[in-house]
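Residues per chain, in single letters:
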Amino acid sequence: MLRFLGSSHNFCDGISRRDFLQIGAFGAGLSLADMLRLKAAPGGSTSAKKQGRSNKAAIMIYLPGGPSHMDMYDLKPEAPVEFKGEFNPIKTNVDGVQICEHFPLQAKMWDKLACIRSIVSADEHSDSLVMTGYPERVNRVADHPSFGSVVSKLRSTSNGAIPPYISLRGMSRGTEPGYLGISHRPFTPGGQGNANLKLANGVTVERLDDRKNLLAQFDDTRRDIDASGTMIGMDAYTEKAIEMVTAGVVRDALDLRKEDPKTVERYKGVEQFLTARRLVEAGVGCVTLSIGGWDTHGQNFQTLKKQLPKVDQGIANLIQDLHDRGMADDVVTVMWGEFGRTPKVNMNAGRDHWSPVMSAMIAGGGLKMGQAVGTSTDKGERPKDRPCTVPQVLSTIYRALGIDPSATFPNGAGRPMYILDEREPVKELLG
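No experiment lies behind these values; they were computed from the predicted model shown.

## Quick look at helix α13 (residues 271–282)
Point 1. Look at α13: 17 Å from first C-alpha to last across 12 residues, which is about the 16 Å you get at 1.5 Å a residue.
Point 2. Of all the residues in α13, the buried ones are Gln272, Phe273, Leu274, Thr275, Ala276, Arg277, Arg278, Leu279 and Val280.
Point 3. Following α13 by one or two positions, Gly283 adopts a phi angle in the positive range, close to 115°.

Written out as structure tokens, the structure reads:
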């Protein structure tokens with residue numbers, strides 16, 4: 001079953017992934033105050049603490065199921081018909097770069113975009129690799145944190161009214177904080193998440209102050225009997241939770257009724273892209289979203305004829321808006337799935353899993369745009385030149401945000417762990 005936005009979908013392994021978990025704003029039923037108190041816990045290595053407090057942001061767009069590299073950014077018009085498929089390439093506004101005919105909006109603005117067409121991936125239906133730099137089979141043991149959780153950890157002392165990490169696609173293995181701890185899970189504005197962003201009916205700011213004072217009286221007693229010291233600093237973090245609610249910054253960013261109706265109309269059908277732009281504009285450090293269902297073992301071209309124009313619409317509007325608002329160099333956007341798809345079309349007019357090579361689109365962050373890095377072989381089977389890995393792409397994005405991927409954090413056993421073990425960037429993208 002395929003899906004566009006907001007519903008559940010099944011991959012070929014039969015496991016259902018849902019966009020939203022209805023168990024609370026951050027998962028595990030924790031309140032905002034609970035999450036903020038957890039951020040107060042001691043920890044974090046010296047190298048991590050030395051990281052700069054960059055105000056740059058990332059938008060991570062995940063294409064669940066594995067999109068076909070052969071039908072998006074790495075077409076092979078000279079290959080045999082059973083490889084090249086049904087789509088034709090079109091020229092972009094950058095000499096020598098061609099992309100799919102169903103991406104006309106991106107083609108007109110390719111000087112603001114770039115792609116990597118020679119990424120080696122892993123064959124597993126999970127966002128773990130592209131969001132953490134480690135495949136799920138490794139994370140079952142090592143429990144590495146997601147990109148957004150690292151951003152959250154490094155911004156944990158910033159404005160309490162704005163959560164540093166928001167997932168518009170709910171929770172998955174790739175959004176988990178791993179050994180950084182549950183306080184660095186993303187805020188998920190679905191279900192209870194939205195409810196937590198406003199005062200209960202009949203509760204005014206004055207009444208909230210009364211309740212806060214009452215809570216403080218109980219906390220005085222709890223603090224007296226708390227031998228571990230967990231309660232120390234609780235008031236400050238409760239204040240931040242209240243600030244997040246009363247300031248209303250995130251609630252306003254999520255409310256598209258506050259956007260120019262003409263802008264909302266441009267994003268019709270791909271509203272998550274607009275929401276992501278509004279969130280980073282409000283100060284969120286990392287936003288992740290998803291669009292489409294790309295596990296196209298059958299009827300690949302029929303599905304992509306519907307989905308590619310939506311992707312084109314979302315990307316073109318998002319990137320142009322970031323440029324128009326002077327945010328292009330401060331926001332890096334990446335779009336990819338977990339692997340590519342088989343170069344040869346199968347008997348069901350579909351393409352199967354293909355980890356030897358995939359493509360990714362990247363934009364902004366002060367990186368060098370208007371190019372296509374690497375390419376695959378004539379039939380799209382594996383990298384022909386400039387092979388690179390998923391961690392190398394993530395390393396590049398970390399650097400664009402001013403984060404050193406060689407920084408370390410202690411895991412549950414106190415052992416210092418690098419953000420990424422493989423840290424060589426894609427140098428062609430560095431400005």
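## What to know about the pattern of salt bridges
Point 1. Tallied over the entire structure, the rule returns 22 salt bridges.
Point 2. We note a salt bridge from Lys305 to Glu86, for which the minimum N-O separation is 3.5 Å. You can see Lys305 sitting in helix α14 (residues 300–324) and its partner Glu86 sitting in the loop between α3 (81–84) and β4 (89–91), a full 219 residues away along the chain.
Point 3. Of the charged contacts, one joins Asp127 and Arg169 as a salt bridge, the two residues approaching to 2.9 Å between their closest N and O atoms. Highlighted residues: Asp127 in the loop between β6 (114–120) and α5 (128–132) and Arg169 in the loop between β7 (165–167) and α8 (192–195), separated in sequence by 42 residues.
Point 4. Ionic contacts of the salt-bridge type, sharing partners, join the residues Glu259, Arg266, Arg277, Arg278, Glu281, Asp321 and Arg325 into one network.

## Notes on the packing of aromatic side chains
Point 1. What the rule picks out here adds up to 4 aromatic pairs.
Point 2. Here the aromatic rings of Phe147 and Tyr398 are separated by 4.3 Å at their centres, their planes lie at 25°, and the arrangement is stacked. Taken together, the residues Phe147 in helix α7 (residues 147–154) and Tyr398 in helix α15 (residues 390–400) connect sequence positions 251 residues apart.
Point 3. The class for Phe147 is buried, based on a relative accessible area of 0%.

## A closer look at α7
Since the α-helix turns once every 3.6 residues, residues separated by three or four places project in the same direction.
Point 1. Within α7, 8 of the 8 residues are buried, leaving the element largely enclosed by the surrounding structure.
Point 2. For α7, the full list of buried residues reads Phe147, Gly148, Ser149, Val150, Val151, Ser152, Lys153 and Leu154.

## Points about the pairing of β6
Point 1. With respect to burial, β6 is a largely interior element, 6 of its 7 residues being buried.
Point 2. Where β6 lies against strand β12 (residues 358–364), 4 bridges are found, and the strand directions are antiparallel. Counted as the bridge partner of Ile119 is Met358 from β12.
Point 3. Sheet topology note: the β6/strand β16 (residues 388–389) ladder contains 2 bridges and is parallel. Looking across to β16, one finds that Val120 is bridged to Thr389.

## So, the environment of Arg382
Point 1. Along the chain, the position of Arg382 falls in the loop between β14 (375–376) and β15 (383–385).
Point 2. We classify Arg382 as partly exposed; its relative accessible area is 42%.
Point 3. When the C-alpha atoms of Arg382 and Ser355 are compared, they prove to be 8.8 Å apart, with 27 residues separating the residues in sequence.
Point 4. In this structure, Arg382 is in contact with Pro356, Val357, Ser376 and Thr377, ignoring residues within four places of it in sequence.

## Quick notes on the nonpolar core
Point 1. The biggest cluster of nonpolar side chains holds 97 residues, and the ones touching the most others in it are Ile61, Phe147 and Trp336.
Point 2. When neighbours within four sequence positions are excluded, Trp336 is seen to be in contact with Ile61, Tyr62, Leu63, Ile119, Val130, Met358, Ser359, Ala360, Val390, Val393 and Leu394.

## Here's the deal with the confidence of the model for the protein chain
Point 1. Taken over all residues, the pLDDT of the protein chain has a mean of 84, while the share at 70 or more is 74%.
Point 2. Long-range and interchain partners of residues 227–237, a stretch whose pLDDT sits below 50, account for 14 contacts in this model, where long-range means more than four residues apart.

## Digging into the environment of Ile403
Point 1. You can see Ile403 is positioned in the loop between α15 and β17 (408–410).
Point 2. Among the residues examined, Ile403 registers a relative accessible area of 7% and is labelled buried.
Point 3. Spatially, the C-alpha atom of Ile403 lies 9.1 Å from that of Val150, the residues being 253 residues apart in sequence.

## Some thoughts on unusual backbone geometry
Point 1. Even without being a glycine, Asp143 presents a positive backbone phi close to 60°.
Point 2. Among the secondary structure elements, Asp143 is positioned in the loop between α6 (136–142) and α7.
Point 3. We note that Arg386 has phi near 50°; this positive angle belongs to a residue other than glycine.
Point 4. Mapped onto the elements of the fold, Arg386 is located in the loop between β15 and β16.
Point 5. For Arg386, a relative accessible area of 25% gives the class partly exposed.

What counts, and where the lines are drawn
Residues numbered from 1 in each chain as written. Predicted model: local features only at pLDDT ≥ 70, side-chain atom pairs only at ≥ 80, totals over all residues. Heavy atoms only, no water. Helix = DSSP H or I, 4+ residues; strand = E, 2+ residues; numbered from the N terminus. Expected span 1.5 Å × (residues − 1). Buried < 20%, exposed > 50% of the residue type's maximum accessible area, 1.4 Å probe, protein only. Salt bridge = Lys/Arg side-chain N within 4 Å of Asp/Glu carboxyl O. Phe/Tyr/Trp six-rings, centres within 6.5 Å; stacked < 30°, edge-to-face > 60°. Pairing = 2+ DSSP bridges. Contact = heavy atoms within 4.5 Å. Core = buried A, V, L, I, M, F, W, Y, C linked by side-chain atoms within 4.5 Å. pLDDT = per-residue confidence, 0-100.

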